[in-house]
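# Architecture at a glance
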Amino acid sequence: MQSNNLESPLEVLLLGFNKVASIDALSIFHLARLRVLHLQSNHLTALDGIENCSSLRELVLNKNRIRQLGHNPLLGLSNLHELHLQENGVRTLTHLNTLKSLQSLHLGYNRINDLAEISHLV
C-alpha cells in the first residue's frame, strides 16, 4: 500500500561533476530528509536554494566558483556539522557564525588573506 505522504525518503544525494550551475534550480527543498549533499566540481557561484535544507548535516561544495557565502542561504542550515568549501575563491568567512552546529570546516585553497577572518567563526 502506497503512502499518501509525498515526502521523499532520500537522505544522501551525490551530484558531483555534473555541471550544476544553481542549487535553486535543483529544487531540493522538497527533500526534507536530505542529510548529505555533495556538489563538488560543478559550476556553482552562490548558495541560493540551500536555505530550506534544514536537515543537512554534510555539505560538500569543493571546486566550484563560490566567492561569497551570503547570509540568507546559511540561516536555514541549523543542523550542518560538516562544510567543505575547498578550491572556491572564498575571501571572507562572514556569515559562517550562523552555523551553530558546525564541527568541521574545510577551506583549503581559497582567497582568505586576513587571519582576522577566523573571528567570524566564534
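Everything below is about the structure printed above this text.
Everything numeric here is computed off the predicted structure, so don't read it as measured data. (Residues numbered from 1 in each chain as written. Predicted model: local features only at pLDDT ≥ 70, side-chain atom pairs only at ≥ 80, totals over all residues. Heavy atoms only, no water.)

### Topic: the overall build of the chain
As a reminder, the rule being used: Per the convention used, a helix needs a DSSP run of H or I reaching at least four residues, while a strand needs a run of E reaching at least two, with both numbered from the N terminus. The atom set for the radius of gyration is the C-alpha atoms, and the globule formula is 2.2 Å times the number of residues raised to the power 0.38.
Summing up its helical and strand segments, the chain has two helices and five strands in all. Traced from its N-terminal end to its C-terminal end, the chain shows the element sequence β-α-β-β-α-β-β. Taken over C-alpha atoms, the radius of gyration comes to 15 Å for the chain, in line with the 14 Å a tight globule of 122 residues would show. Along the first, second and third principal axes, the C-alpha set of the chain runs to 60 × 30 × 20 Å.

### Comments concerning unusual backbone geometry
Unusually for a residue other than glycine, Ser-41 sits at a positive phi of about 55°. With respect to the helices and strands, Ser-41 occurs in the loop between strand 2 (36–38) and strand 3 (58–60). Even without being glycine, His-95 reaches a positive phi, approximately 85°. With respect to the helices and strands, the residue His-95 is situated in the loop between strand 4 (82–84) and strand 5 (104–106).

### Here's the deal with the pattern of salt bridges
Note the following rule: Every case where a carboxyl oxygen of Asp or Glu lies within 4 Å of a side-chain nitrogen of Lys or Arg is listed as a salt bridge. Note on exposure labels: buried denotes an accessible area under 20% of the residue type's maximum, exposed denotes more than 50%, and partly exposed covers the range between, all computed with a 1.4 Å probe on protein chains only.
If you walk through the whole model with that rule in mind, you get one salt bridge. Of the charged contacts in the structure, one is a salt bridge between Arg-33 and Glu-7, with a shortest N-O distance of 2.7 Å. Highlighted residues: Arg-33 in the loop between helix 1 (23–26) and strand 2 and Glu-7 in the segment before strand 1 (12–14), separated in sequence by 26 residues. Judged by relative accessible area, which is 36%, Arg-33 ranks as partly exposed. Among the residues examined, Glu-7 registers a relative accessible area of 34% and is labelled partly exposed.

### Quick notes on a positive patch on the surface
Keep this limit in mind: For patches, a residue must show more than 30% relative accessible area and have no salt bridge; joins then use 9 Å for like charges and 5 Å for nonpolar side chains, namely Val, Leu, Ile, Met, Phe, Trp and Tyr. Residue exposure ignores everything except the shown protein chains as possible cover, and the areas themselves are Shrake-Rupley values with a 1.4 Å probe. When charges are counted, neither His nor the chain ends are considered; positive counts come from Lys and Arg and negative counts from Asp and Glu. One atom stands in for each charge, and that atom is NZ of Lys, CZ of Arg, CG of Asp or CD of Glu.
Together, Arg-65, Arg-67, Arg-91 and Arg-111 line one region of the surface with positive charge. As for its placement among the helices and strands, Arg-65 is situated in the loop between strand 3 and helix 2 (72–75). Accessibility expressed as a relative area gives 43% for Arg-65, which makes it partly exposed.

### A short note on the environment of Ser-55
To be explicit about the condition: Contact between two residues is taken to exist if any of their heavy atoms lie within 4.5 Å; hydrogens are not considered.
Considering the arrangement of structural elements, one finds Ser-55 in the loop between strand 2 and strand 3. Given the relative accessible area of 18%, Ser-55 is considered buried. Note: C-alpha distance between Ser-55 and Leu-80 (25 residues apart in sequence) is 7.6 Å. When near neighbours in sequence (up to four residues on either side) are disregarded, Ser-55 contacts Ala-32, Arg-33, Leu-34, Arg-35 and Asn-79.

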